[in-house]
Amino acid sequence: MTSSSAFGENVDRLGSIRSILDNYPFSAGLLREILQNSDDAKASTQTFLLDCRRHPSERICDPSIADTQGPALLAFNNANFLPEDWVALQIISKSSKRDDTSKIGKFGIGIRSCYHVTDFLQILSGEDLVIFDPQSSFSVAGGARFPFKPETIEPIRDHFQAFKHFLPSDWNGEAFDGTVVRLPLRTKPGELREKIVSPEEIKQLFQEFIEKELNIAMLFLQHLRSIDFFVIDEAGGTEKIACCTIPSADQLAEGVYKQVVSVQRGETSASEDEWLVVQCSSPTEDALDLLSNRTGSVSEKVLKKHKLRADVGLAFPLNSIGPDIGQLFTFLRLPIKTGFPAHIHSLFSLTPSRQNLRPHGENGIVKGSDD
């Protein structure tokens, strides 16, 4: 019998995250990824909060991460993490939603884009608080999970102070109805990224998103119906800087809807945009026949693997046409313009960063492969 020893590949955690960040720009796309996860979780409300305060740091899990009690970007939605979500969160680049065509995410990298902002991704949901530590600053395992039990909560109670804006005023360890992602802003260069992130940069990120895409962000989403933006200053003053609501659409005919989007920015009065939204789906068999005629043999397994369905949505503005009309969407806006007088949604074949369509003209692709 041949003698052998185990010799498999290992994954470099830091290297994997850095590779994701290298291909994923630090931009408003970060907010889109959070919206994507919230919509996939079937949440109806999303709140983004920039908290500029510094919270107590005497009772935290390790004194080496005291800086994480400073300014942070927080994102709340009103859906809870499921057990399989917690498991999937631990596996870099493996999406728990890959086979679920009702969900947007498929690459398992979106949440890692948060490391553009932070070195310590924190998630509070249900009965757990998780703090990721990919640089192993306090945890050799790369993070820690803290269940809501008195013996667990008391020694780290100051961590929860940083989530206080979203917790009930009398909270004392009860299960939390919702999910809060907290991203303490990076205060010193690290192994993931050297860039120090300031509250002013997050405010700018908010403003760019509010001005350029808040009014269209939910046009093709399935569950989200409201998005709010808040800033808490260093003294604790809270300012609501924008909100957007999109009620259920009025159906005019089969697959044709009138959608009203209400947006309020700062202290100004809310404005309303009206859209004519047309949605159309074709049977999988028809899509397979068309694709096979154009590209050769294509199986339903390949479509499912890449989350491709013959679904198309068009959104025509009814009361105003802005300069940014004619964007491509895959549920959320893509950084791709068409020049057409409507926004176009479909399940396009995208690169993992969602920044580009996958090129169809690559030379040397082997016939019969699913690339």
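In short, a report on the structure. (Residues numbered from 1 in each chain as written. Predicted model: local features only at pLDDT ≥ 70, side-chain atom pairs only at ≥ 80, totals over all residues. Heavy atoms only, no water.)

1. Quick look at the pattern of salt bridges
Phase 1 of the analysis: Under the counting rule described, the total for this entry stands at 15 salt bridges.
Phase 2 of the analysis: Between Arg193 and Asp22 there is a salt bridge whose closest N-O contact spans 2.8 Å. Remark: Asp22 occurs in helix H1 (residues 13–22) and Arg193 occurs in the loop between strand S6 (176–184) and helix H6 (199–212); sequence separation between them is 171 residues.
Phase 3 of the analysis: Judged by its relative accessible area of 19%, Arg193 is buried.
Phase 4 of the analysis: Between Arg32 and Glu213 there is a salt bridge whose closest N-O contact spans 2.9 Å. Within this pair, whereas Arg32 is found in helix H2 (residues 29–40), its partner Glu213 is found in the loop between H6 and strand S7 (226–232), the two being separated by 181 residues in sequence.
Phase 5 of the analysis: Classification of Arg32 by relative accessible area gives buried; the value is 10%. (Salt bridge = Lys/Arg side-chain N within 4 Å of Asp/Glu carboxyl O. Helix = DSSP H or I, 4+ residues; strand = E, 2+ residues; numbered from the N terminus. Buried < 20%, exposed > 50% of the residue type's maximum accessible area, 1.4 Å probe, protein only.)

2. A look at the nonpolar core
Phase 1 of the analysis: One finds Phe48, Leu121, Phe206, Leu214 and Phe229 to be the most contacted residues of the largest nonpolar core, which totals 60 residues.
Phase 2 of the analysis: For this core, the element with the most residues is H6, which contributes five residues.
Phase 3 of the analysis: Beyond its immediate sequence surroundings of up to four residues, Phe206 is in contact with Leu31, Phe48, Leu49, Leu50, Leu73, Phe229, Phe230 and Ile241. (Core = buried A, V, L, I, M, F, W, Y, C linked by side-chain atoms within 4.5 Å. Contact = heavy atoms within 4.5 Å.)

3. Remarks on H6
Phase 1 of the analysis: The first and last C-alpha atoms of H6 sit 20 Å apart over 14 residues, in line with the 20 Å expected at 1.5 Å per residue.
Phase 2 of the analysis: Of the residues making up H6, those classed as buried are Ile202, Leu205, Phe206, Phe209 and Ile210. On an axial view of H6, the arc spanned by its buried residues comes to 130 degrees, and they lie on one face. Exposed and oriented more than 90 degrees from the buried face of H6 are Glu200 and Lys212.
Phase 3 of the analysis: Packed against the buried residues of H6 are H2, strand S1 (45–51), strand S2 (72–77), S7, strand S8 (238–245) and strand S10 (256–265). (Expected span 1.5 Å × (residues − 1). Arc of directions from axis to C-beta.)

4. Here's the deal with the packing of aromatic side chains
A ring pair, where both rings are aromatic, is described by two values, the distance of the centres and the angle of the planes.
Phase 1 of the analysis: Applying the stated rule across the entire model yields eleven aromatic pairs.
Phase 2 of the analysis: Geometrically, the ring pair formed by Phe48 and Phe206 is tilted, given 6.4 Å between the ring centres and 55 degrees between the ring planes. Placement of the pair is Phe48 in strand S1 and Phe206 in helix H6, with a sequence separation of 158 residues. A single burial state applies to Phe48 and to Phe206, both of which are buried.
Phase 3 of the analysis: A network of ring pairs unites the aromatic residues Phe48, Phe206, Phe209 and Phe229 as a single cluster. (Phe/Tyr/Trp six-rings, centres within 6.5 Å; stacked < 30°, edge-to-face > 60°.)

Take it as geometry only, folks, not as evidence of what the structure does.
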